[in-house]
Each structure stands twice: as structure tokens, then as C-alpha cells.
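What follows is the residue order along each chain.
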Amino acid sequence: MRSISRQLGSGLLLVMLITVLLVGQGAVWLFDRALRDYLGSDLQRESDALLAAMTPTPGGLMLDTTRIGPDYLRPFSGRYFIIESRHQRWRSRSLWDERLPAVNVEQHNNQLVPGPAGQQLLMRSQHFRRASQPVTITVALDYQPLLLAFQRARNWLWGLGGIAVLVSLLLQHALL
């Protein structure tokens, strides 16, 4: 026969473990979603700035490289772009000899894709019109450091939750 104390302890342990796992994972997931949305709007501003750097010339569009950020010039800086128009294509120097994965513009904005040097990229791609020409601008940001920070936060939340579960079980045992 099982004692009431043991039944209460088992029930409390199960409920608290499930709660800790859900709260820990849920908090990290919600923060990840919020950060992706925020950084997605930053990528949108980058796209707009790159579009503004496109100047019409008699021979077609030209990219004014003096108007792009220095992060796009350093190899593997974690900020990348590709601009495609009808007859031309520009890519950031930061890509070096690497390529960005192809994405479906309508489905993959603010999604993670594998990038150069083992990076995980938050990528946004959008169609524009500049000087009556179609232009597609793809910008990407290295999200890997944030993924590592989320993993550390999840481990801390689960560890602290585990301590809370242990303290609760000991307190319940002492009270009974």
C-alpha cells in the first residue's frame, strides 16, 4: 500500500517537472519568436537602405557601394546581401566565395537557413521595383550566437526549475 505522502510527492514531482519543462522551453521559444520579428524589421530596413543605394544610370541600375554598411565588406561578418535585377547581380563582399541558399520569397522570410562558415542565417528576401526594373534583395544576419544564448538560457531555466522542484519536494516532505 502506498502512503499519502508518497502519492502526493509523486504527483507534485510529475506536475512540477512538466511545468518546468514547458515554462523553460516556452519562454525561450517566445523570446526567439520576438527576437526574430525584431531582427526581421531590421533586415527590412537593411533591404530598404540597399534599395536606396541602387541608382539608375543609362546602362541600368548601379549599386553605390559608398552607401552600404562596413559589415557587408568584411568576409564572414555575419551580414550578407544579394541584389538581383534583370541583367545584373551584386553580392556583399562579406560572402567571400560562399553562396546564400535559395529561398522562396513568399514563404521563407525571417526563417533560419544554413549559411557560410557554419552560421545559421536569419534571412529575408523581397521583390522591389526601382527605375521600372524588378529588383530582388536578399539580406541575411548570423543568428548562431543567439541560438547558443537561447540554449544556455534554456539550460539555466531547467536547472533552476529542477532546484525549485527539489526544494518543493523537500518542503512537502517536511510539512507532512
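Residues numbered from 1 in each chain as written. Predicted model: local features only at pLDDT ≥ 70, side-chain atom pairs only at ≥ 80, totals over all residues. Heavy atoms only, no water.

Examining the pattern of salt bridges
Where side chains of opposite charge bring their charged atoms close, a pairing between them can arise.
So, point 1. A full pass over the atoms with the stated rule returns 7 salt bridges.
So, point 2. Ionic pairing is found between Asp32 and Arg33, a salt bridge with its closest N-O pair at 3.9 Å.
So, point 3. The exposure class of Asp32 is buried, given its relative accessible area of 8%.
So, point 4. A salt bridge links Arg79 to Glu46, with the shortest nitrogen-to-oxygen separation between them at 3.7 Å. Taken together, the residues Arg79 in strand E3 (residues 79–84) and Glu46 in helix H1 (residues 4–52) connect sequence positions 33 residues apart.
So, point 5. By relative accessible area, Arg79 is classed as buried at 16%. (Salt bridge = Lys/Arg side-chain N within 4 Å of Asp/Glu carboxyl O. Buried < 20%, exposed > 50% of the residue type's maximum accessible area, 1.4 Å probe, protein only. Helix = DSSP H or I, 4+ residues; strand = E, 2+ residues; numbered from the N terminus.)

Quick word on helix H2 (residues 144–175)
So, point 1. For H2, which comprises 32 residues, the first-to-last C-alpha distance of 46 Å matches the rise-based estimate of 46 Å (1.5 Å per residue) to within 8%.
So, point 2. All of the buried residues along H2 are Phe150, Arg154, Gly161, Val165 and Gln172.
So, point 3. Summarising the contacts, the buried residues of H2 are in contact with H1. (Expected span 1.5 Å × (residues − 1). Contact = heavy atoms within 4.5 Å.)

A closer look at the sheet that holds strand E5 (residues 111–114)
So, point 1. The strand order across the open sheet built from 5 strands is E4-E3-E7-E6-E5, with neighbouring strands paired in antiparallel fashion. Two strands lie at the open edges of the sheet, namely strand E4 (89–91) and E5, each paired on one side alone. Put simply, the sheet's adjacent strands are angled 25° from each other on average, direction ignored.
So, point 2. Bridge analysis of E3 against strand E7 (residues 133–142) gives 6 bridges, and the strand direction is antiparallel. Its bridge partner lying in E7, Glu84 is registered against Thr136. (Pairing = 2+ DSSP bridges. Axes fitted to C-alpha atoms, helices over the stretch in contact; angles between N-to-C directions.)

Quick notes on the nonpolar core
So, point 1. Among the nonpolar cores identified, the biggest contains 23 residues, and Leu50, Leu63, Phe81, Ile83, Trp90, Ile137 and Val139 are the most heavily contacted of them.
So, point 2. Elements with a minimum of two residues in this core: H1, strand E2 (60–63), E3, strand E6 (120–130) and E7.
So, point 3. Considering every element that reaches this core, the biggest residue donor is H1, with 6 residues.
So, point 4. Setting aside residues no more than four positions away along its own chain, Val139 makes contact with Leu43, Glu46, Ser47, Leu50, Tyr72, Tyr80, Phe81, Leu122, Met123 and Arg124.
So, point 5. Grouped together as the second largest cluster of nonpolar side chains are 8 residues, Tyr80, Ile82, Leu95 and Ala140 included. (Core = buried A, V, L, I, M, F, W, Y, C linked by side-chain atoms within 4.5 Å.)

Concerning a nonpolar patch on the surface
So, point 1. Taken together, the side chains of Trp156, Leu160, Ile163 and Val167 present a nonpolar region at the surface, about 460 Å² in accessible area.
So, point 2. Summarising the element assignment, Leu160 is placed in helix H2. (Patch = residues over 30% accessible without salt bridge, like charges linked within 9 Å, V, L, I, M, F, W, Y side chains within 5 Å. Areas by Shrake-Rupley, 256 points an atom, 1.4 Å probe, with all protein chains shown as cover.)

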